[in-house]
Amino acid sequence: QVHLLESGGGLVPAGGSLRLSCAPSGFDGYAFGWFRQIPGKEREFVAAINWSGSNSTYANSAKGRFQIPKDNRKNTVYLQMDSLKPEDTAVYFCNAGMLTLSGDYSRSNWWGPGTQVTVSS
């Protein structure tokens, strides 16, 4: 059975940090991406990493503040978020997809249920 499960969301003050986790099951060989969505807006790309963890890509809003490490022993993908801003408030989703060598991520229809991140000002 394939599934993706996010965890680690919560309430954090501006300038703080959070680490989100994504535990994929049944997606051997896939790349994984993090997306976020606020009510009434499109789900937007945040970061992605390939299966081996050797290649990653970031949205401009995430560069310099977020990292997407992957622990292959634990089969877990993280989103380390530092210097958080109120505009980072959203539901964060994990996706299984494909990442090209040139850094283009193609998302699939496989999503986790999401985890809420709220950054207070």
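Whatever comes next refers back to the structure up there.
Residues numbered from 1 in each chain as written. Predicted model: local features only at pLDDT ≥ 70, side-chain atom pairs only at ≥ 80, totals over all residues. Heavy atoms only, no water.

Draft legend 1. Molecular detail of the overall build of the protein. Assigned secondary structure in the protein consists of zero helices and 12 strands. From first element to last, N terminus to C terminus, the protein shows the α and β order β-β-β-β-β-β-β-β-β-β-β-β. In terms of C-alpha radius of gyration, the protein reaches 13 Å, essentially the compact-globule figure of 14 Å for 121 residues. Across the 121 residues in the protein, those meeting the buried criterion constitute 43%. In the protein, 55% of the contacts between residues at least 6 apart in sequence involve partners at least 24 apart. Split by element, the accessible area of the protein, about 6400 Å² in all, is 49% carbon and sulfur. Looking at charge distribution, the protein has the averaged site of its 11 positive side-chain charges lying 3 Å from that of its 9 negative ones. (Helix = DSSP H or I, 4+ residues; strand = E, 2+ residues; numbered from the N terminus. Rg over C-alpha atoms; globule rule 2.2 N^0.38 Å. Buried < 20%, exposed > 50% of the residue type's maximum accessible area, 1.4 Å probe, protein only. Contact = heavy atoms within 4.5 Å. Areas by Shrake-Rupley, 256 points an atom, 1.4 Å probe, with all protein chains shown as cover. Lys, Arg positive; Asp, Glu negative; His and termini not counted. Charge placed at Lys NZ, Arg CZ, Asp CG, Glu CD.)

Draft legend 2. Expanded view of the environment of Ala14. The topology assignment puts Ala14 in the loop between strand E2 (10–13) and strand E3 (18–25). Separated by 71 residues in sequence, Ala14 and Lys85 place their C-alpha atoms 5.1 Å apart. Filtering out sequence-adjacent residues up to four positions away, Ala14 remains in contact with Leu84, Pro86, Val119, Ser120 and Ser121.

Draft legend 3. Fine view of the environment of Gly10. With respect to the secondary-structure elements, Gly10 resides in strand E2. Overall, the relative accessible area of 25% leaves Gly10 in the partly exposed class. Once the C-alpha coordinates of Gly10 and Arg65 are considered, the two residues, 55 residues apart in sequence, prove to be 18 Å apart.

Draft legend 4. Examining the pattern of salt bridges more closely. Summed over the entire model, instances satisfying the criterion amount to four salt bridges. A salt bridge links Asp88 to Arg36; the shortest N-O distance between them is 2.8 Å. With Asp88 in the loop between strand E9 (76–81) and strand E10 (90–99) and Arg36 in strand E4 (residues 31–37), the pair connects residues that are 52 residues apart, well separated along the chain. Asp88 gets classed as buried once you look at its relative accessible area, which sits at 1%. Where Arg73 meets Asp71, a salt bridge forms, and the shortest distance between an N and an O atom there is 3.9 Å. You can call Asp71 buried: its relative accessible area is 16%. One connected set of salt bridges, linked through shared partners, spans Arg36, Glu44, Arg65 and Asp88. (Salt bridge = Lys/Arg side-chain N within 4 Å of Asp/Glu carboxyl O.)

Draft legend 5. Structural view of the state of the cysteines. Throughout the structure, instances matching the rule amount to one disulfide. A sulfur-sulfur distance of 2.1 Å marks the disulfide that ties Cys22 to Cys94. Looking down the S-S bond of the Cys22 and Cys94 bridge, the torsion is -80 degrees, so its handedness is left-handed. Of this pair, Cys22 sits in strand E3 while Cys94 sits in strand E10; the two residues are 72 residues apart in sequence, bridging distant segments of the chain. On the accessibility criterion, Cys22 (0% relative accessible area) is buried. According to the relative accessible area criterion, Cys94 is buried, its value standing at 0%. (Disulfide = S-S within 2.5 Å.)

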